[in-house]
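Understanding the architecture of this molecule
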Amino acid sequence: MSDYGASQITILEGLEPVRKRPGMYIGGVGKEGLHHLIWEVLDNAVDEAINGFASTIQVTLAKDGETVTVEDNGRGIPVERHPKDAAGRSTLEVIYTVLHAGGKFEQGAYRTAGGLHGVGASVVNALSSKLVVQVRRGGHLYEQTFRRGVPQGDVAVVGEARGTGTKVTFKPDSRIFPNTDFDPQLIARRLEVKTYLHGGLRIVWRDETAKDKDQRVTEFKHDGGIVEYLDDLIQARDRRAILEEPFTVERDDDEGRIHIALSWTESTDVVLHSFVNGIPTQDGGTHESGLRDAINRAVRAYLDAHDVVPRGVTINPDDIREGLTGALNLFIAEPQFQGQTKDKLNNPEVRAYVAGVARPALEQWLNAHQTQAHGIVTRIIQAAKARQASRSAAQAVRRKTPVGSRRLNLPGKLADCTSTDPAECELFLVEGDSAGGSAKQGRDRQNQAILPLRGKVLNAEQATDRKVLANQELSDIVKALGCGMGRHIDLDALRYHRIILLMDADSDGHHISTLLLTFFYRYMKPLIDEGHVFIAQPPLYKVVIGQETYWAADDRQKDELIANKAGRSKVEISRFKGLGEMNPSTLYKTTLDPLRRHLLCVRIADDDKLATETTITELMGRDAAARYHFVMERADEADAEALDI
Ligand code: 0R9
């Protein structure tokens, strides 16, 4: 028997509950749940790697787009008879057919990459129409096949083998998942993040669905781990670090494993990417709070000890954090996540643990790196002075504005709504005066406000902060929203809980939407994070069939309407050239009316943080070569008919 000791495995129950309530095990049967299957198998392979037995993992998406293979070069799952199983099954079969059978459950010396504590193999098996495990061990190639979790025979030798390893191929069950197509980009991103979180791990990604042969195989390996992640994050945002080398600290003890990398940049935004057991914690949590405490206290201790703050300048925690960019990678035994999307860490003890690791290390590092510390101190004093100056300016403006008249500071061209309850108020940002006019007439005045955008919206990615503030259109938006921007943003003061971009469905409209989203992303990101930003979908076609009038958002809808409704009736189709052409009542009926309209909520997916940074920088940044590269790489993805040239 293997040194793992198959007797450690706890056998609890069969797989039926998983098929009955898949959501309980993988979060749902939508896109996230579907991809969860891969993350589970992948984590089992990563576990073998971080325990020092495997060096390479290969992940392949087959040409059909729904069959995935994960292979590692570890010891191979034990295929011998399971010592505690009365039925005499192999350890492999027990692992794949018994719920809650997993070595990691016992919390022994075995390290885990995350996921379902190693119970994932049986869950993936239960939810796959077919799953094949191949094991190379002791010179033999073993194989066992399952259908919907049921073994199709015992594990058997099917050939000879060199080396050792495990290979799992599975196809998700279409009776469970409404859509069984995997998203290659999402997989690639998750794989790359894994190689940052486990420095030295090599993952080979094969996407057999890629049209271009050259793009089928990608290799991910980041020996620098989280420190390299930090460098790439700073670069992806096109920022300049003020430190030559980032501050890093690493600890591995009974309480957990933690690795932190921090730097400060010349930019004013604070960016912290954190991960718990390999899972991105988009909404932060106790580990991030612990890190913030540590940074604040360590820097403050340094400032006090060296008496470097000029008289008249007071430093607050925001000044210390301005420009901070960091990555935090934590592994703990029993993470508890909270929040709607379960991406906030909630373990109270973790705050003190992280602070206890980070604070003394940062204080020591500052004292040992005087030049770097001087750079940070200068940066912090600069931030404090700028804050104090902007507060004096704001006070001067406020003195001119009568108390309680927040509406007086609103842009002149805003047609505001009458309600003062932000939760029910909507602000439509509308392209052009004529569409703005229709929207003003057609809207529900009670809770719908209209701000027409006339001039050019500035590309916030390429402009300095001062230029952004000076841009009439952007400054009007900020004034109308009432919640400030940048690090002074205060969502409690937000005047509308839905901010809706209403643009023509043509290339100009898309361009303005992109510019506005870039601005929100860079300067008012909490609006996106909290789900306040939406895109309206005005119709492109009016289709009159007999006596009835219908609206279609695109060609597909138009064709469907005609196919389903027309019969022998006469069909008249007109295409809107722009929103301005639509009369106010049509605009209300099709696009503004909450009961009939379709809004798209702008969201950044969990795994997309670094990718979103890169996309915005490449697409909107100053580097024309990067933009060209971005467009050319994705040229194939564009639907020729959707291009409006
Ligand atoms: C392709 C995905 N890889 C895996 O699922 C995978 C699981 C696994 C593993 C072991 C080695 N490689 C693996 N790959 C392993 C082997 C031994 C001890 N512990 C773990 C050994 O040879 O002694 N296993 C993970 C759980 C189990 N094996 C077990 F419970 F079946 F033992």
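Note: the structure precedes this text.
Computed from a predicted model, the values in this text were never measured in an experiment. (Residues numbered from 1 in each chain as written. Predicted model: local features only at pLDDT ≥ 70, side-chain atom pairs only at ≥ 80, totals over all residues. Heavy atoms only, no water.)

Here's the deal with the side chain of Q388
By secondary structure assignment, the location of Q388 is in helix 11 (residues 370-400). Polar side-chain contacts of Q388 include one of 2.9 Å to the side chain of T314. With near-sequence residues (within four places) excluded, Q388 lies in contact with G312, V313 and T314. (Helix = DSSP H or I, 4+ residues; strand = E, 2+ residues; numbered from the N terminus. Polar contact = N/O pair within 3.5 Å; in protein donor to acceptor, adjacent residues only side chain to side chain. Contact = heavy atoms within 4.5 Å.)

What to know about the packing of helix 3 (residues 31-50) against helix 6 (residues 184-197)
It is the contact of helix 3 with helix 6, at a shortest axis distance of 11 Å, that shows an interaxial angle of 35 degrees. Crossing angle aside, the handedness with which helix 3 passes helix 6 is right-handed. Touching K31, H35, I38, W39, L42, D43 and V46 of helix 3 are L186, I187, R190, L191 and K194, all from helix 6. (Axes fitted to C-alpha atoms, helices over the stretch in contact; angles between N-to-C directions. Left-handed = near helix turned anticlockwise from the far one by under 90°.)

Observations regarding the pattern of salt bridges
This model, assessed by the stated rule, comprises 33 salt bridges. Across the salt bridge formed by D269 and R239, the nearest N and O atoms sit 3.0 Å from each other. With D269 in the loop between strand 11 (256-264) and strand 12 (271-276) and R239 in the loop between helix 7 (225-236) and strand 10 (247-253), this pair connects stretches of sequence that are 30 residues apart. When its relative accessible area of 17% is taken as the criterion, D269 is described as buried. With relative accessibility at 23%, the residue R239 sits in the partly exposed group. Its salt-bridge partner being E560, residue R556 comes within 2.9 Å of it at the nearest N-O pair. (Salt bridge = Lys/Arg side-chain N within 4 Å of Asp/Glu carboxyl O. Buried < 20%, exposed > 50% of the residue type's maximum accessible area, 1.4 Å probe, protein only.)

Here we look at the pairing of strand 12
For strand 12, the buried fraction is high: six of the six residues fall into the buried class. Going residue by residue along strand 12, you find V271, H273 and F275 tucked away on one face and L272, S274 and V276 tucked away on the opposite face as well. Where strand 12 lies against strand 14 (residues 324-331), six bridges are found, and the strand directions are parallel. Counted as the bridge partner of H273 is A327 from strand 14. As judged from the two bridges shared by strand 12 and strand 13 (residues 279-280), these two strands associate in the antiparallel manner. Of the residues in strand 13, the one forming a bridge with V276 is I279. Hairpin connection, strand 12 to strand 13: the antiparallel pair is bridged by two residues, and N277 has positive phi, about 50 degrees. (Pairing = 2+ DSSP bridges.)

Brief notes about unusual backbone geometry
Across the chain, the bulk of peptide bonds are trans and the bulk of non-glycine residues have phi less than zero. Of note in the backbone geometry, R148 takes a positive phi value of approximately 45 degrees without being a glycine. With respect to the helices, strands and loops of the structure, R148 is situated in the loop between strand 4 (140-147) and strand 5 (150-151). Of note, D307 is a non-glycine position whose phi angle comes to about 45 degrees, a positive value. You can see D307 is positioned in the loop between helix 8 (286-306) and helix 9 (317-321). A relative accessible area of 66% means that D307 is categorised as exposed.

Here's the deal with the packing of aromatic side chains
Under the criterion given, the structure shown has eight aromatic pairs. Relative to W365, the ring of F247 lies with its centre 5.6 Å away and its plane at 65 degrees, an arrangement referred to as edge-to-face. Remark: W365 occurs in helix 10 (residues 348-368) and F247 occurs in strand 10; sequence separation between them is 118 residues. Each ring, one from F519 and one from F520, has its centre 5.8 Å from the other, and the planes form 45 degrees; the classification is tilted. (Phe/Tyr/Trp six-rings, centres within 6.5 Å; stacked < 30°, edge-to-face > 60°.)

Some words on the nonpolar core
Core analysis: the biggest nonpolar cluster contains 49 residues, and I57, V59, Y96, F170 and I187 have the highest contact counts within it. With nine residues, helix 3 is the single largest residue contributor to this core. Dropping the residues within four chain positions of it, I187 is found in contact with H35, I38, W39, V59, L61, F182 and W205. Judged by nonpolar contacts, the second largest core, of 40 residues, contains I258, A294, Y353 and A355. (Core = buried A, V, L, I, M, F, W, Y, C linked by side-chain atoms within 4.5 Å.)

So, the sheet that holds strand 24 (residues 599-601)
Spatial strand order, 18-17-19-20-24: five strands in an open sheet with mixed pairing. The open sheet is flanked by strand 18 (448-453) and strand 24, the only strands paired with a single partner. Averaged over all pairs of adjacent strands, the angle between their axes in this sheet comes to 25 degrees, without regard to strand direction. In terms of strand pairing, strand 20 (residues 533-536) meets strand 24 through three bridges, oriented antiparallel. Along strand 24, the bridge assignment pairs A536 with L599. Contacts from helix 12 (residues 433-442) reach strand 17 (426-431) and strand 18, with the element oriented near 170 degrees to strand 18.

Section: the environment of E219
For E219, the location among the structural elements is in strand 9 (residues 217-221). The spatial distance from the C-alpha of E219 to the C-alpha of A188 is 9.8 Å, given a sequence separation of 31 residues. Those residues within four positions of E219 in sequence are excluded, and the remaining contacts are R202, I203 and V204. Within the local environment of E219, its side chain forms a polar contact with the side chain of R202, the two groups lying 2.7 Å apart.

Re the sheet that holds strand 14
Pairing in this open sheet of five strands is mixed, and the strands run 10-11-14-12-13 from one edge to the other. The open sheet has two free edges, formed respectively by strand 10 and strand 13, since each of these has just one partner strand. Along the sheet, helix 10 makes contact with strand 10, strand 11 and strand 14, crossing strand 10 at roughly 135 degrees.

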